[in-house]
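What follows is each chain in one-letter form.
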Amino acid sequence: TVTVQATNARICLTMNLPDQHRSLKRTIPQSSRSPGLMLFPRDGGCVLYDPIEGNIQTNLGDFPGCRFLANSGNWLLVLDSGSNLYIIDVCSKETIPLPSLESIESADCIVKRVGDREFIREESGAIYGDLSADVVRGLLWVSESGKEYVVVWLFDLPGHSYMSFCKNGDSHYTDIPLVFDDYAFHKYDGLSDMVLCGTRLYVSTSRRFVRVFDLSGPQGFFKDITGQTPFPMLSRHDQRYDSSIAVTTSSGEVLLVESDPSSRTWFRIYKKDPDVEDPDHACHTVTEVHSLGGEALLLDLGFTVPANKALGIKPDSIYFTRHFRPCHCSPRDLDICVYNLVTQSLHRYHNLNKMDLMDARWFLPGN
């Protein structure tokens, strides 16, 4: 049972488990940064799993009717049964409510709620239905202090032309267009993948051109900082395998990550090929690399982190649970594993197979 006590813009959730918070502090010391797993059983709730010890450390309680869209450190982006978005720190239970999904300010469209989980969007005289909370997808970034955050979300349907975002202090969401009428901008149309690193949003378009947005600044502000020469991330095998983009936190370099969709026995990583002179007309524009340069990739989050043997963060390793491809509407089964690029070896957590999991996410304790 969860009791909600409002305190201005923030809410404190207290559980009927008197030692829950103290237990969590022992389970995830703030100095620890080793990767852990948040597991979401299909019958509800959230538990923390220690992959080094191979056991469940604590049960974080039940979240009936909720969907977990994204995570950042100890924070989760949650959509409840009433289609309300909020973020919650799983350690302290501090909760920050977010603007309602229909609170989008746009010059040419209106989003209306027509039920607890249904919405319509009126745009340029057209009405788009079938907008359900079941197809909402999102990204989350929360600062180490927990005082700054960015939330990005969209109705994940083919052809949908907007994503929306808000930051701490915003009273409504701001739209970012995904489709352009001008033919000169068609390379920017659509959405293949997206990564949120701080206040920078990286978007891979349908033609795999990467756009970069600066979401910092006052409410409603965003700026395309891609530059005059956008670059497509295209490999020789682009259409045959699962792929997504990732970003190195050390340099902001964009990576292309591929994996075998059938048996998931390998991963490949590519960087921009500096020798490609005309990327607009090249069939492949990336070159494969076999090392992350002393970093590890948390593919669920879409970015790399420095390796640290003492903290269990293995260099040249990819921490993976499933690929997420917006607007493809095809389910991806969980496959919780760590892949080493140098040794080309794969470690799976077979003891988790007995759990009926709806979702799982790698995360770095902190914040």
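Parameters and conventions
Residues numbered from 1 in each chain as written. Predicted model: local features only at pLDDT ≥ 70, side-chain atom pairs only at ≥ 80, totals over all residues. Heavy atoms only, no water. Helix = DSSP H or I, 4+ residues; strand = E, 2+ residues; numbered from the N terminus. Buried < 20%, exposed > 50% of the residue type's maximum accessible area, 1.4 Å probe, protein only. Contact = heavy atoms within 4.5 Å. Areas by Shrake-Rupley, 256 points an atom, 1.4 Å probe, with all protein chains shown as cover. Pairing = 2+ DSSP bridges. Axes fitted to C-alpha atoms, helices over the stretch in contact; angles between N-to-C directions. pLDDT = per-residue confidence, 0-100. Salt bridge = Lys/Arg side-chain N within 4 Å of Asp/Glu carboxyl O. Core = buried A, V, L, I, M, F, W, Y, C linked by side-chain atoms within 4.5 Å. Phe/Tyr/Trp six-rings, centres within 6.5 Å; stacked < 30°, edge-to-face > 60°. Lys NZ or Arg CZ within 6 Å of the ring centre and 35° of its normal. Polar contact = N/O pair within 3.5 Å; in protein donor to acceptor, adjacent residues only side chain to side chain.

**Side note on the overall build of the chain**
Scanning the chain for helices and strands turns up 1 helix and 31 strands. Buried positions account for 53% of the 367 residues belonging to the chain. Partitioning the intrachain contacts of the chain with sequence separation of at least 6 by distance along the chain shows that 48% fall at a separation of at least 24. Surface accessibility of the chain: about 16,900 Å² in total, with carbon and sulfur atoms responsible for 50%.

**Remarks on the sheet that holds strand β18 (residues 193–197)**
Spatially, the 4 strands line up as an open sheet ordered β18-β19-β20-β21, and their pairing is antiparallel. Two strands lie at the open edges of the sheet, namely β18 and β21 (223–224), each paired on one side alone. Here strand β19 (residues 200–204) pairs with strand β20 (residues 210–214) via 5 bridges, running antiparallel. Paired with Ser204 across the bridge in β20 is Val210.

**Brief notes about the sheet that holds strand β31 (residues 357–363)**
Overall, antiparallel pairing links the 4 strands, which are arranged β5-β4-β3-β31 in an open sheet. The sheet terminates laterally at β5 (55–59) and β31, the two strands that pair on one side only. Ignoring which end each strand starts from, the neighbouring axes of this sheet average 30° apart. Examined bridge by bridge, strand β3 (residues 36–41) and β31 share 6 bridges and lie antiparallel to one another. The residue bridging Gly36 from the neighbouring strand is Phe363, located in β31.

**Notes on the confidence of the model for the chain**
Per-residue pLDDT for the chain has a mean of 82; in total, 86% of the residues score no lower than 70. Low pLDDT, under 50, characterises residues 1–32; the stretch is placed with 61 contacts to residues that sit more than four places away or in other chains.

**Looking at the pairing of strand β23 (residues 254–259)**
Counting buried positions along β23 yields 6 of 6 residues, so the element is predominantly enclosed. Taking every second residue as pointing to the same face, both faces of β23 are buried, with Val254, Leu256 and Glu258 on one and Leu255, Val257 and Ser259 on the other. One ladder, built from 6 bridges, connects strand β22 (residues 242–247) with β23; its direction is antiparallel. In the sheet register, Val247 faces β23, and the bridge partner there is Val254. Pairing geometry for β23 and strand β24 (residues 267–272), over 4 bridges, is antiparallel. Paired with Leu256 across the two strands is Tyr270, which belongs to β24.

**Concerning the pattern of salt bridges**
Taken as a whole and assessed by the stated rule, the structure comprises 15 salt bridges. One salt bridge in this structure joins Lys112 and Glu122, with 3.1 Å as the shortest N-O distance. Of this pair, Lys112 sits in strand β11 (residues 109–113) while Glu122 sits in strand β12 (residues 118–123); the two residues are 10 residues apart in sequence, bridging distant segments of the chain. Classification of Lys112 as partly exposed rests on a relative accessible area of 36%. Owing to a relative accessible area of 27%, Glu122 belongs among the partly exposed residues under this scheme. Residue Arg322 is joined to Asp359 by a salt bridge in which the shortest nitrogen-to-oxygen separation is 3.6 Å. Of the two residues, Arg322 sits in the loop between β28 (317–320) and β29 (337–340) while Asp359 sits in strand β31, which places them 37 residues apart along the sequence. Under the relative-accessibility criterion, Arg322 is labelled partly exposed at 25%.

**Looking at the nonpolar core**
In this structure, Leu39, Tyr202, Ile336 and Trp362 are the most contacted members of the largest nonpolar core, which totals 33 residues. Ranked by the residues each element gives to this core, the list is headed by β31, at 3 residues. Excluding its chain neighbours within four sequence positions, the residues that come into contact with Ile336 are Leu37, Leu39, Phe320, Thr321, His347, Arg348, Tyr349, Leu352, Leu357, Ala360 and Trp362. Core analysis: the second largest hydrophobic core is formed by 25 residues, Leu85, Ile96, Val142 and Cys166 among them.

**Some remarks on the packing of aromatic side chains**
Evaluation of the coordinates by the stated rule reveals 11 aromatic pairs. A cation over an aromatic ring shows up here: Arg211 above the ring of Tyr188, its NZ or CZ 4.6 Å from the ring centre. The positively charged end of Arg268 is found above the aromatic ring belonging to Trp266, 4.1 Å away from the centroid.

**Here's the deal with the side chain of Asp359**
Classification of Asp359 by relative accessible area gives buried; the value is 14%. A polar side-chain atom of Asp359 sits 3.3 Å from a polar atom in the side chain of Arg361. Residues contacting Asp359, with those up to four places away along its chain left out, are Met38, Leu39, Phe40, Phe68, Arg322 and Leu334.

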